[in-house]
Amino acid sequence: MTISYKWLSEYLPETVEPERLSRILTSIGLEVESMSKYQEVKGGLEGLVIGEVISTEKHPNADKLTLTKVDTGKGELLNIVCGAPNVAAGQKVVVAPVGATIYPAAGEPLTMSQRKIRGSESQGMICAEDEIGLGTSHDGILVLPEDVKTGMAAADYFQPYDDIIYEIGLTPNRMDAMSHWGVARDVCAYLSHHENKDLKPKLPLSNGFKTDNESLPVQVVVQNEKGCPRYSGVSIGNVTIKESPKWLQQKLKAIGLRPINNIVDITNFIQHETGQPLHAFDADKLNGHKVVVGNLPEGTPFTTLDEKERKLSADDLMICDAKEGICIAGVFGGMHSGVSDKTKNIFLESACFDGVQVRKTSFRHGLRTDAATRFEKGTDISATVNILKRAALLIKEIAGGEIASAVLDIYPNPKPKGEVAVKWHFIKKLSGKNYHPDAIKDILTSLGFEIIKEGIDELRVAVPYHKPDISLPADLVEEIVRIDGLDNIDIPESINITPAVEENYSKEVYREKTANYLAGLGFNEMMTNSITNAAYFTEEELSSMVKMTNSLSAELNILRNSLFETSLEVVAHNLNHRNTSLRLFEFGKAYSTSGPGKYNETEKLCLVITGNKSNDNWKQKSVAADFYTLKGAVDSVLKLLGIAPDAVETVAVPKLENHIVYKSNNKILAGAGEVKKTILDKFGIKQPVFFAGLNWDLLAEMASTQANAVKEIAKYPAVERDLALVVTKDLPWEAVQQTVEKVKLNKLKDIRLFDIFESEKLGAGKKSVAVNFTFLDEEKTLTDKEIDGWMSKIMTTLEKELNAEIRK
């Protein structure tokens, strides 16, 4: 939520300094995430002055340049070289003297310095409007009226609008604070409580409202009363569509809104002032001068303001005229019924729509508008008419015209106020603070609550319509503590807790051990959202994935089935910030479904590597990471956990190349490979990425069954032998490894591939692989005879099983 300091201050009965106001907002639960200075004109024209051109003459060395002498009110004339064709003696102009910085409408800031231009000294610059951010014209210098005082600061003359802007992090239940007036109400409640005053926010008045005539009657019919419990409207005739006045444009620009025209700007202004969304229809385009609030058949085409045709759901609440749909209620207007430059008469809508229906429609069509955000959180159903009158009077003031109908108010089932009772001792128990009953009542009444009954042990209040989230005693306590100040909560001298006792915590131990080990290998841990974007997946994948019923946004609408896509998002983000060499890991949940009500949740571990595994230094060049860098990391994790897979196989998968899987008892422990280029392109990644996914649930279970033992370092030396053999080019290393393991030599401790050589001299389709064997007997020193015997068995088996040729 964006709040303007100047705008908010208009509703406060006394001035509160910006820094103090920031602290107050955070203290009452409206956390200020940022506080920044806003300038309508960047730089605020600081350092620029009004000058008078005293004389001009042609530059001796340039046809298009003029030598000028300019008086800036400091007694000494400035020599300024000017390239504008319209410069002339006697003009009042904006001057940027030496040391001043200008901020062009397009381009980088420029600080003035004294310099020579074509041999002539120039002590500043005479400015055009686009050069100082006052407009876009560059036809010539900006010439001011003759009566402007020379030497006056340009900022004092133009008075560019500036402000302080707060970005407030609102919790989903705080619809009452989604407006400047709502925030002002909370601030007044805080000040009243802490300064022992009775402060009320200044209420935008609508007392002067009256109907001028009834020349534009509109009939309103509400067919879906659940979707629209209250609908108010009024007609305004003979309006003039034009630019909004400067003050209105400045307010909207300060909070990030683009001014459009006076009518649209007023509806936006009222929405951010009061929290009530409004919609203005061109009354002359309402077929039959009728408004119908209801639903249209499934699949009905409807073109919205963004010129896109959408297929409506039968559950979408629509605003229609006598012929067709004209607006998606509470979400977005239609293409043909909105206000345009030719509009003369308007019908202004102020309604209360069901938040659930609005939210579902908003997400269904991917239309996240300010109006939808407010309606889905709930609006003040009691305020529709008063806010309508406030807006109508503002339109009449700014756009002219006349109130051309009586206010229509369809409210068939008036909503009663909710009531909540709270025990005095419950307030003390939950807040940890002993509040005086009078202080509690003052806080609640300042927020709009009505005291219904006050007893010895209980307080009963009526909840204001602008607080639909209040329904429990705990909600009232939260309001009290909030206005007292969340930073005023008493902290006890001691806290008593009962430590949790877990019988089986081995999984967490192995997780911590693995995380520390990976950090030691140079990996950084990442944490990603388990909710991701369905657009990443194929229809086949989506069939077994868990879809979100009410997703937070159109881009977060499904639970991930692996950590793959969310990891690539992190890689893309880092690469965009020029962090190009990455080693990342994450422990996270993945989800799947095999049918309605049948859901699976598994914990995964993923490793991601991209970029260089070592950077340039004085001793060596950088070395790029590759598939084997990733495989080594996976092997190390498995070894750390004491797990030895009984098979490593190559398996083709849609998203990875050179994909291998580690298996134990036909269960997949892990998979690793290089991400395919087609997948990388979807994420905007332009360098190789290597990904491994490990089944952490299974690995942790297997690790917990391993018997850990400490073993003495061998007293006797290990013996190494090398062997070179010629095999077919397509023979994988794992085939050699598995063949040697079949010999079942207990004293063979390690087998390692250390070289591959390919040459036509070896024969067509052949390659030579060099293998290192390590033998060790922990009870004695091995003899050459023993080792020669074992090597002979290995060579015989390789020749027989793989048709290998032993190189001598």
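Residues numbered from 1 in each chain as written. Predicted model: local features only at pLDDT ≥ 70, side-chain atom pairs only at ≥ 80, totals over all residues. Heavy atoms only, no water.

**Some points on the sheet that holds strand 28 (residues 458-462)**
Strand order across the open sheet formed by three strands is 26-28-27, with antiparallel pairing between neighbours. The sheet terminates laterally at strand 26 (419-423) and strand 27 (450-454), the two strands that pair on one side only. Taken over all neighbouring pairs, the strand axes of this sheet differ in orientation by 25 degrees on average, direction set aside. Bridging between strand 27 and strand 28 involves four bridges; their strand directions are antiparallel. In the strand pairing of strand 28, Ile451 is matched with Val461. In this fold helix 10 (residues 424-431) packs onto strand 26, strand 27 and strand 28, with an angle of close to 75 degrees to the strand it touches most, strand 26. Packed onto the sheet, helix 12 (residues 473-484) meets strand 26 and strand 28 and runs at close to 75 degrees relative to strand 26. (Pairing = 2+ DSSP bridges. Helix = DSSP H or I, 4+ residues; strand = E, 2+ residues; numbered from the N terminus. Axes fitted to C-alpha atoms, helices over the stretch in contact; angles between N-to-C directions. Contact = heavy atoms within 4.5 Å.)

**Quick look at the packing of helix 2 (residues 18-27) against helix 4 (residues 180-195)**
Contact pair helix 2 / helix 4: the axes reach a minimum separation of 10 Å and the direction vectors enclose 95 degrees. The orientation of helix 2 relative to helix 4 falls into the category roughly perpendicular. Contact residues: helix 2 offers Arg20, Leu21, Ile24, Leu25 and Ser27, while helix 4 offers Val183, Val187, Tyr190, Leu191 and Glu195. Among the residues making up the contact of helix 2 with helix 4, the classes are represented as seven nonpolar, one polar and two charged. (Parallel < 35°, antiparallel > 145°, perpendicular 65-115°, else oblique. Nonpolar A, V, L, I, M, F, W, Y, C, P; charged D, E, K, R; others polar.)

**A word on the pairing of strand 13 (residues 162-169)**
The element strand 13 is extensively covered by neighbouring structure, given that six of its eight residues are classed as buried. Sheet analysis places strand 1 (residues 2-4) next to strand 13, joined by three bridges and oriented antiparallel. In the strand pairing of strand 13, Ile3 is matched with Tyr166. (Buried < 20%, exposed > 50% of the residue type's maximum accessible area, 1.4 Å probe, protein only.)

**Observations regarding the pairing of strand 37 (residues 656-664)**
In terms of residue burial, strand 37 counts as a mostly covered element, since seven of its nine residues are buried. Examined bridge by bridge, strand 36 (residues 647-650) and strand 37 share four bridges and lie antiparallel to one another. Pairing of Ala647 across the sheet is with Lys663, part of strand 37. Taken together, strand 36 and the strand that follows it, strand 37, pair antiparallel across an intervening segment of five residues. Relative to strand 38 (residues 667-675), strand 37 runs antiparallel, the two being bridged by seven bridges. Looking across to strand 38, one finds that Val661 is bridged to Gly671.

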